[in-house]
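Given next are the chains, with one letter for each unit.
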Amino acid sequence: MSSTPSALQGLSQSEVLARRAAGQGNDIPVQTSRTYWDIFRDNLFTFINSVYLFLSLVLIALGRASDVVVIAFVVLLNVVINIIQEIRAKQKLDKIALLTRPSATVIRDGQSQEIDLAEIVVGDILMLRPGDQVVVDGVVVGEGEVKVDESLLTGESDQILKRPGDSVYSGSFCVSGSSCYEAEKVGAASLSSKMTAEARRFRKVLTPLQRRINLIIRLLLGVAIVLGLVTFLRMLLGVTSITAGVQNLAVLVGLVPIGLYLMITLAYALGAVRIAEQSALVQQSNAVESLSNVDVMCLDKTGTLTANRINLRSLEPIYTDRAWLEERLGEYAASAAASNKTNDAIAEFLPRSPRSVKQEIPFSSVYKWSAIAFSDQPGVYVLGAPEVLAMAMSLSEDLLKRIQEGADQGLRVLLFAHSPALPDWSNASETPILPPDLKPLALLFFGDELRPDAEKTLAEFRQAGIQVKVISGDNPVTVAALAKQAGLSDDIIAVSGQDLAEMEDSAFTQTAEESTIFGRITPEQKARLVQSLQARGHYVAMMGDGVNDVLSLKQANVGVAMESGSQATRSVADIVLLKDTFSALPKIFTEGRRIRNGVVDISKLFMVRIFSFILAIVAIGMITLSFPFSIKASTIVTFLTVGLPPFFVTLWARPTRPKVSLWESFRHFVVPAALTLSLASILVYLYFLAENVGPLMDWLSGAISLEELARQINRAQISQAQQIAESAMVTMQVLGGLLLLPFLKPPTPSWAGGEPLSRDWRYTILAGLVLLIYIAIITVPPLQRFFELAPLEPQEYIGIGLVAIVWALLVRFIWRRKLMERFLGLIPF
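Residues numbered from 1 in each chain as written. Predicted model: local features only at pLDDT ≥ 70, side-chain atom pairs only at ≥ 80, totals over all residues. Heavy atoms only, no water.

Peer 1: Is there a simple way to think about the overall build of the protein chain in this case?
Peer 2: A tally of regular secondary structure across the protein chain gives 33 helices and 24 strands. Expressed as a percentage of the 829 residues in the protein chain, the buried residues total 55%. The contacts in the protein chain between residues at least 6 apart in sequence include a share of 73% that link residues at least 24 apart. A total of about 35,500 Å² of accessible surface is found on the protein chain, and carbon and sulfur atoms cover 59% of it. (Helix = DSSP H or I, 4+ residues; strand = E, 2+ residues; numbered from the N terminus. Buried < 20%, exposed > 50% of the residue type's maximum accessible area, 1.4 Å probe, protein only. Contact = heavy atoms within 4.5 Å. Areas by Shrake-Rupley, 256 points an atom, 1.4 Å probe, with all protein chains shown as cover.)

Peer 1: For this particular structure, what's the right way to read the sheet that holds strand E21 (residues 517-519)?
Peer 2: Think of a sheet as strands paired side by side through backbone hydrogen bonds, with each pair either parallel or antiparallel. What the 8 strands build is an open sheet, ordered E11-E24-E23-E22-E12-E19-E21-E20; its pairing is mixed. At either end of the open sheet lies a strand with only one pairing partner, and these are strand E11 (280-282) and strand E20 (494-496). Each strand axis lies, on average, 20° off the axis of its neighbour in the sheet, ignoring direction. Examined bridge by bridge, strand E19 (residues 467-471) and E21 share 2 bridges and lie parallel to one another. Residue pairing for E21: Ile 471 is matched across the bridge by Phe 518. Strands E19, E20 and E21 of the sheet are contacted by helix H17 (residues 476-485), whose axis makes an angle of about 145° with E21. (Pairing = 2+ DSSP bridges. Axes fitted to C-alpha atoms, helices over the stretch in contact; angles between N-to-C directions.)

Peer 1: Got a minute to help me understand the environment of Ser 335 in this structure?
Peer 2: For Ser 335, the location among the structural elements is in helix H12 (residues 322-335). Sequence separation between Ser 335 and Phe 374 is 39 residues; the distance between their C-alpha atoms is 9.0 Å. Beyond its immediate stretch of four places on either side in the chain, Ser 335 contacts Pro 354, Arg 355, Val 357, Glu 360, Ile 372 and Phe 374. Of the polar contacts made by the side chain of Ser 335, one reaches the backbone nitrogen of Arg 355; its length is 2.9 Å. (Polar contact = N/O pair within 3.5 Å; in protein donor to acceptor, adjacent residues only side chain to side chain.)

Peer 1: What am I meant to see in the pairing of strand E2 (residues 103-108) here?
Peer 2: Two faces belong to every sheet, and in a regular strand the side chains alternate between them. For E2, a buried count of 5 out of 6 residues is recorded, marking the element as mostly surrounded by other parts of the structure. In terms of strand pairing, E2 meets strand E3 (residues 111-116) through 6 bridges, oriented antiparallel. In the sheet register, Thr 105 faces E3, and the bridge partner there is Glu 114. Turn length for the E2-E3 hairpin, with the two strands adjacent in sequence and antiparallel, is 2 residues, and the turn residue Asp 109 shows positive phi of about 55°. The sheet contact formed by E2 and strand E4 (residues 125-128) spans 2 bridges and is antiparallel. Pairing of Val 106 across the sheet is with Leu 126, part of E4.

Peer 1: Explain the pattern of salt bridges here, please?
Peer 2: Pairs may arise between side chains of opposite charge once their charged atoms sit close together. Under the counting rule described, the total for this entry stands at 20 salt bridges. A salt bridge links Arg 402 to Glu 316; the shortest N-O distance between them is 2.9 Å. Taken as a pair, Arg 402 in helix H15 (residues 397-408) and Glu 316 in strand E13 (residues 306-317) lie far apart in primary sequence, 86 residues in all. Classification of Arg 402 by relative accessible area gives partly exposed; the value is 24%. Between Glu 326 and Arg 322 there is a salt bridge, and its shortest N-O distance comes to 3.4 Å. (Salt bridge = Lys/Arg side-chain N within 4 Å of Asp/Glu carboxyl O.)

Peer 1: What is the right way to look at H12 in this model?
Peer 2: Structural remark: α-helix, 3.6 residues per turn; residues separated by three or four positions point the same way. In this model H12 runs 20 Å from its N-terminal to its C-terminal C-alpha over 14 residues, within 8% of the 20 Å that 1.5 Å per residue would give. At the N-terminal end of H12, a side-chain oxygen is found 3.3 Å from the backbone nitrogen of Ala 323, two or three residues along, and the residue is Asp 321. (Expected span 1.5 Å × (residues − 1).)

Peer 1: Sorry if this is basic, but what is going on with helix H32 (residues 794-817) here?
Peer 2: With 24 residues, H32 extends 35 Å from end C-alpha to end C-alpha; this agrees with the ideal 34 Å at 1.5 Å per step. Just downstream of H32 lies Lys 818, where phi reads positive at about 50°.

Peer 1: So what exactly am I meant to see when it comes to the packing of aromatic side chains here?
Peer 2: The geometry of an aromatic ring pair is captured by two quantities: the separation of the ring centres and the angle between the planes. Applying the stated criterion to the full structure yields 15 aromatic pairs. Relative to Trp 751, the ring of Phe 743 lies with its centre 5.1 Å away and its plane at 70°, an arrangement referred to as edge-to-face. With relative accessibility at 3%, the residue Phe 743 sits in the buried group. Residue class for Trp 751 comes out partly exposed when judged on its relative accessible area of 22%. Put simply, the rings of Tyr 332, Phe 374, Tyr 381 and Phe 416 touch in pairs and so form one group of aromatic residues. Across from the ring centre of Phe 508, 3.8 Å away, lies the NZ or CZ of Arg 528, which sits over that ring. (Phe/Tyr/Trp six-rings, centres within 6.5 Å; stacked < 30°, edge-to-face > 60°. Lys NZ or Arg CZ within 6 Å of the ring centre and 35° of its normal.)

Peer 1: Hey, could you run me through the environment of Thr 569 in this one?
Peer 2: Here Thr 569 shows up in helix H22 (residues 567-572). A residue is classified by how much of its surface remains accessible, and Thr 569, at 0% relative accessible area, is buried. Linking Thr 569 and Lys 554, residues 15 residues apart in sequence, is a C-alpha distance of 9.3 Å.

Peer 1: Is there a simple way to explain a nonpolar patch on the surface in this structure?
Peer 2: Together, Tyr 36, Trp 37, Phe 40, Leu 44 and Phe 45 give the surface a local cluster of nonpolar side chains, amounting to about 540 Å² of exposed area. By the element assignment, Trp 37 lies in helix H2 (residues 36-44). What makes Trp 37 exposed here is its relative accessible area of 51%. (Patch = residues over 30% accessible without salt bridge, like charges linked within 9 Å, V, L, I, M, F, W, Y side chains within 5 Å.)

Peer 1: Where do I start with the packing of helix H24 (residues 631-642) against helix H29 (residues 715-744) in this structure?
Peer 2: For any two helices packed against each other, one specifies the crossing angle of their axes together with the interaxial distance. Where H24 contacts H29, the two axes come as close as 9 Å, and the packing angle between them is 10°. Judged on the interaxial angle alone, H29 and H24 are roughly parallel. Only Glu 726, Val 730, Gln 733, Val 734, Gly 737 and Leu 738 of H29 make contact with H24, whose side of the interface consists of Ala 633, Ile 636, Val 637, Leu 640 and Thr 641. (Parallel < 35°, antiparallel > 145°, perpendicular 65-115°, else oblique.)

Peer 1: Would you mind going over the confidence of the model for the protein chain with me for this structure?
Peer 2: Detailed reading of the predicted coordinates is not advisable wherever pLDDT is low. Taken over all residues, the pLDDT of the protein chain has a mean of 82, while the share at 70 or more is 84%. Considering only residues more than four positions removed or in separate chains, one finds that residues 1-5, a stretch of pLDDT under 50, has 13 contacts. Note that pLDDT drops below 50 for residues 194-204; the model gives that stretch 25 contacts with residues more than four away or on any other chain. (pLDDT = per-residue confidence, 0-100.)

The following block contains the structure:
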């Protein structure tokens, strides 16, 4: 608690208690993540689960309760696993999120104090400084004026000047200046409770992987709807009984891979927990996976290359007495209403008492200078970037040379100047103008402390194939010198914001692509640089800590903020680096690739299973006018091939860099596997169907006529033959699905073809363990009867196993020879 710099007294403690008792408190809890109800609702009450519930009620009415048990088992297993994992993730994330919970500085009984947002009441006086979020609606009071960014409310990035009497709204941020405002609307009446949700909703975007998978799922949903309509028509025409038709519809609903959605959500939740262990808070569930697509990382020098700590190394007077200069400069730093790290460094180097201020222009990253006019001294003092102040005065060759030397050494150089004239800044709603007749007084050389892990972190970015671009408000030469000290190559290209401002759009975009260092950049230029890189096909991550980074963070594909940054950046960022652990960022990129690879792998398993199912259903339906899968048979294949394995595939995924695009990977692996597996399954089904309808084989051999065939075959024989054929095809589907696991991650060169050699035996061992589960199902009579699988002879199982081996050799041959690519004309024969 400290005294306030103004005469504002604020509320007394008794007034605060009285207003809280009257219901005038800001009683809205800060939501750090999804609620438990959200988790249960989003996992239980889905469209697919609703369809399954309806079909289950119909099946119970038709006396097929055992089918309902199977459906319930699959649905509840997925739901329970997902809910448990999401609750675990929520509990860990909630605990960490409390570290970044916003607070407010209020004036009470003439003293400033830090309080939780929930403790604000109507009439409280809140302090507003650069980077602070306006947390409740109110009106500016007292002295001072501020410029606020209302882009989260209006969508416009203009900075709005606020003077005493002007209204300020929660959801806006202070960009420059310092003042106070009185709370008028709190709680539900204020926008503050919605601000974070709105900011995140603005950032809610799907990753490229999510968009592609969503497209595939929509296509599968369309196929399932068409097949469902055909089945419904068969029921209406009496070709299929109501019981059989409902069973068929349940199988068709299973073609929509809701399990894939659940596995993706699980992967994101696991990733968020892993990232939390790296001292990072994930605010968007897909942000970590989104990072796997990043090929350009834009970051500020401060807090990334440097430790966000600067010190004044030296002060060089320009034809001025040093003692007088140190007094003026120390008073300048001590009298500034809104301090920053540069000002703090001056105050530490030259501690002085503050003087009465007649007028002040706070520093802004837009115009890159500040000014103070003292009440008892003529003129105005200005502190800012030399190249900016040079627009209002001439600098000698020696002075320019000294500025350049300092920048070449990686020092931040500022110019202190004085003007005898005081401009009229009272009506300045836009960028203020520099005073005329400026005279240089001194050069200030500041040193940044390079982060000890900066060089290693940048090296890890290079190894990951990610370009690093440094965007800073400092001199580009200074930034380039520091970047070289941190390990960036010596051939980097640096460009200034002034040069960019004069470029046409095409030249701007080309420069953004080719350059590495960008200095003296405004907030609007930061966002435009990100946009230009995206226009060139790059997937851009932006890292920032100040309110001037909000626009670029929202523009980037992935926004990353520092914990020590402003509330504004933390609110709009997808990921917040706790404890400012910049070195954790490459690890987060690695985790993103691990998640992406896991999602791609399980997607391949799902796609092969679904497309082979669809082709088998259509082909066998056309040939035999029957539906080849029952609910329980479909459940066995689904659970053993894309139920259990994907869970472990997600856990075991590795962060390797993909060598081909997602579509190329799907085309090479999924299409040949699905086509050949469906063909093998169809042939197995038809063989066992014909084999178990004896007269059919006699007719095919010409031993009996068609009329005799019709007399000898009865419905019971056909039903029994279909059950045997279904059991055989289920076995083929299970074996094929399990063989895909070692093909997905080949443990030896003999398995390589569909995917690169991994030498990971866990997937092969998993396939063997799941096969033991299936063997138990077909050999234990109660399980066999429950799943309605017809018993086959041992030699028949061996025969199906041989067919599976032939299929595996065939699909491996197609993969290795790239026959699908050759057939599609993508590569020559």
